[in-house]
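So the chains spell out like this:
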Amino acid sequence: MADSSFDIVSKVERQEVDNALNQAAKEISQRYDFKGTDASISWSGEKILMQANGEERVKAILDIFETKLIKRGISLKSLDAGEPQLSGKEYKIFATIEEGISQENAKKVSKVIRDEGPKGVKAQVQGDELRVSSKSRDDLQAVQALLKGKHFDFAIQFVNYR
């Protein structure tokens, strides 16, 4: 019998991020405490740009955006927001959405699987994802449960279970 396997990835649905950003922009335009402040959130190339005329306001925009991401089921571990920077008379925060598992993070996950997972489970890095395979599907489910219980500093999802 062939080995069963699944892939561990770190992907974010771009459309969901876009929806969260549009919802945050709509809330900012309607909220009383942002009236007349030129506060905004928008895409700037591959980055998300938040700007307002005060440091506390730009942090509030980030908080609104994070809330919208959570409501849309996107892990905040994939959001990398910088610190507020003064640019002229405005404060700006640039944020990026991180996707893919880096080599060092893939090594961390495979070490956890090797050390704490069931025997006979193999994990190999394939580009920006990690393939986990075993003869037993029960072992694969045990690995998924193990990884869900661990707290990594990046988001992971399980795909291609076969």
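Residues numbered from 1 in each chain as written. Predicted model: local features only at pLDDT ≥ 70, side-chain atom pairs only at ≥ 80, totals over all residues. Heavy atoms only, no water.

Caption draft 1: Structural context of the layout of surface pockets. In this structure, the largest pocket encloses a volume near 180 Å³. Around the largest pocket, the lining residues are Ser75, Lys77, Leu147, Lys148, Lys150, His151, Phe152, Phe154, Ala155, Ile156, Gln157 and Phe158. The set of elements that each furnish at least two residues to the lining of the largest pocket consists of helix 4 (137–149) and strand 9 (157–159). Classifying every residue of the lining of the largest pocket by side-chain character gives six nonpolar, three polar and three charged. (1 Å grid on protein atoms, 1.4 Å probe; cavity = no way out; pocket = protein on both sides within 12 Å on 5 of 7 lines; lining within 4 Å. Points joined across faces, edges and corners; volume = space filled by probe spheres on them. Helix = DSSP H or I, 4+ residues; strand = E, 2+ residues; numbered from the N terminus. Nonpolar A, V, L, I, M, F, W, Y, C, P; charged D, E, K, R; others polar.)

Caption draft 2: Molecular detail of the packing of aromatic side chains. Here the structure, examined in full by the defined rule, presents three aromatic pairs. Ring centres of Phe6 and Tyr161 lie 6.3 Å apart, and the angle between their planes is 40°; on these two criteria the pair is classed as tilted. In this pair, Phe6 sits in strand 1 (residues 4–9) while Tyr161 sits in the segment after strand 9, placing the two residues 155 residues apart along the sequence. A residue is classified by how much of its surface remains accessible, and Tyr161, at 34% relative accessible area, is partly exposed. Site record: aromatic cluster; members linked through ring pairs are Phe6, Phe158 and Tyr161. Here the basic side chain of Arg14 rests over the ring of Trp43, its NZ or CZ set 3.9 Å away from the ring centre. Its end group placed over the ring of Phe94, Lys47 keeps NZ or CZ at 5.7 Å from the ring centre. (Phe/Tyr/Trp six-rings, centres within 6.5 Å; stacked < 30°, edge-to-face > 60°. Buried < 20%, exposed > 50% of the residue type's maximum accessible area, 1.4 Å probe, protein only. Lys NZ or Arg CZ within 6 Å of the ring centre and 35° of its normal.)

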